Amino acid sequence: MNVRPPESPPLSILMYHQIGRYPRPDAHRALFCHIDRFRGQLRYLKLAGFKVLSLAEAYRCLFQGEPLPKRSVVITVDDGFDDFREFAWPALKEYDCTATVFLVSTLVGKSADWLPALPPLMDAATIRQLHSEGAHFGSHAMTHQRLSKLSPEAQRNEIFGSKAALEDLLGAEVPDFCYPYGDYDQRARDLVEEAGYRTGLTCIRGSANTSHNPFELTRKAISYGDNLIGFMWKVHMKHERKG
Ligand SMILES: [Zn+2]
């Protein structure tokens, strides 16, 4: 399946993790975005005439020939921290934008355990409520492990099991998958396709137009250090795939 030709306008899939009131982090700065900056980014997108697409709309534009708006982005939020409910979602609703949040299926309503001192993750009732309000949810596997390090059976379990569990939770199809840590190999990528997902999202940098296929979509991380100028540079420029 071929992606749209490079002369089409750039479509950026923006990647966030924690959005809230966080002091300047010492490490992992790409995992944080201050809510005031996030609101400023949404305001800018609106003023500059960007369309915030769902991943389904982006897929149709990138791979099925639907016209790609001159300016468009997709907003993705990895891990499903409860700060999404508290900060990001109210802001997204205010600006009439949607986003896709990638959930770790066995950790819904629990604490994230893959880094020290992570905040709690959204619980099932919250996820169902936000889904009813128009938020989209995808799979971030069952246990947030590096898929390339797992046995074939464990890989399959992470990819298929999380889809079934989240579809059960939402009562809706879960068509999008996001590789934990952006880590995947050819087998994981093939299993994502075999499981019936429509997309697989990586942490490879680049405009989504430069992705090799729907199961290796490239993204752009918005970091704590990105001021509005940095953000503008990321959403306006076509960036070739890096990595
Ligand atoms: Zn993650």
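These lines cover the structure that appears in this document, whether it is placed above or below. Quantities reported herein were computed from a predicted structural model and do not represent experimental measurements. (Residues numbered from 1 in each chain as written. Predicted model: local features only at pLDDT ≥ 70, side-chain atom pairs only at ≥ 80, totals over all residues. Heavy atoms only, no water.)

Attention now moves to the pattern of salt bridges. Evaluation of the coordinates by the stated rule reveals 13 salt bridges. With a closest N to O distance of 3.5 Å, D36 and R21 form a salt bridge. With D36 in helix α1 (residues 35-47) and R21 in the loop between β2 (18-20) and β3 (32-34), this pair connects stretches of sequence that are 15 residues apart. (Salt bridge = Lys/Arg side-chain N within 4 Å of Asp/Glu carboxyl O. Helix = DSSP H or I, 4+ residues; strand = E, 2+ residues; numbered from the N terminus.)

Let's shift gears to the coordination of the zinc ion. The protein atoms that coordinate the zinc ion are D79 (OD), H140 (NE2) and H144 (NE2), at distances of 2.1 Å. Every donor residue of the zinc ion comes from the same chain, spaced as D-x60-H-x3-H. For the residue pair H140 and H144, the accessibility class agrees, reading buried in each case. (Donors = N, O, S within 2.8 Å, 3.2 Å for Na, K, Ca; no water. Buried < 20%, exposed > 50% of the residue type's maximum accessible area, 1.4 Å probe, protein only.)

On to the layout of surface pockets, then. By volume, the largest pocket is sized at about 260 Å³. Lining the largest pocket are 18 residues, and of these H17, L31, H144, Y181 and C203 lie nearest its centre. Residues belonging to the lining of the largest pocket are distributed by class as follows: ten nonpolar, five polar and three charged. (1 Å grid on protein atoms, 1.4 Å probe; cavity = no way out; pocket = protein on both sides within 12 Å on 5 of 7 lines; lining within 4 Å. Points joined across faces, edges and corners; volume = space filled by probe spheres on them. Nonpolar A, V, L, I, M, F, W, Y, C, P; charged D, E, K, R; others polar.)

Next up on the list: the packing of helix α5 (residues 152-170) against helix α6 (residues 186-194). Closest axis-to-axis distance for the α5/α6 pair is 10 Å, and the angle between their directions is 40°. As judged from the angle between their axes, α5 and α6 are oblique. Crossing geometry of α5 relative to α6 is assigned as right-handed. For the pair α5 and α6, contact is made by P152, Q155, R156, I159 and F160 and by R187, A188, L191, V192 and E194, respectively. When the residues that make up the contact of α5 with α6 are grouped by side-chain class, the tally is six nonpolar, one polar and three charged. (Axes fitted to C-alpha atoms, helices over the stretch in contact; angles between N-to-C directions. Parallel < 35°, antiparallel > 145°, perpendicular 65-115°, else oblique. Left-handed = near helix turned anticlockwise from the far one by under 90°. Contact = heavy atoms within 4.5 Å.)

As a further point, take the environment of P152. Locating P152 in the fold gives a position in helix α5. Once residues within four sequence positions are removed from consideration, P152 is found in contact with R187 and L191.

This structure, assessed with the given rule, holds nine aromatic pairs. Relative to F50, the ring of Y44 has its centre 6.5 Å away and its plane inclined at 45°; by these criteria the two rings are tilted. By relative accessible area, which is 10% here, F50 ends up buried. Ring centres 5.4 Å apart and planes at 75° place the aromatic pair F177 and Y179 in the edge-to-face group. Per residue, the accessibility class of F177 equals that of Y179, and both read buried. A connected cluster of aromatic rings, assembled from ring pairs, spans F177, Y179, Y184 and Y197. It is K163 that lies over the ring of Y197; its NZ or CZ is 5.4 Å from the centre. (Phe/Tyr/Trp six-rings, centres within 6.5 Å; stacked < 30°, edge-to-face > 60°. Lys NZ or Arg CZ within 6 Å of the ring centre and 35° of its normal.)

What follows deals with helix α2 (residues 55-63). Two residues of an α-helix separated by three or four positions point the same way, owing to the 3.6 residues in each turn. Listing the buried residues of α2 in full gives L55, A58, Y59, C61, L62 and F63. Where α2 terminates, the next one or two residues include G65, which has phi positive at roughly 80°.

Right, let's get into the pairing of strand β7 (residues 136-139). Of the strand pairs in this sheet, strand β6 (residues 100-103) and β7 are connected by four bridges, and their pairing is parallel. Bridged to F102 within β7 is G138. Considered for its hand, the β-α-β crossover made up of β6, helix α4 (residues 124-132) and β7 is right-handed. (Pairing = 2+ DSSP bridges. Right-handed = clockwise from strand over helix to strand, strands pointing away.)

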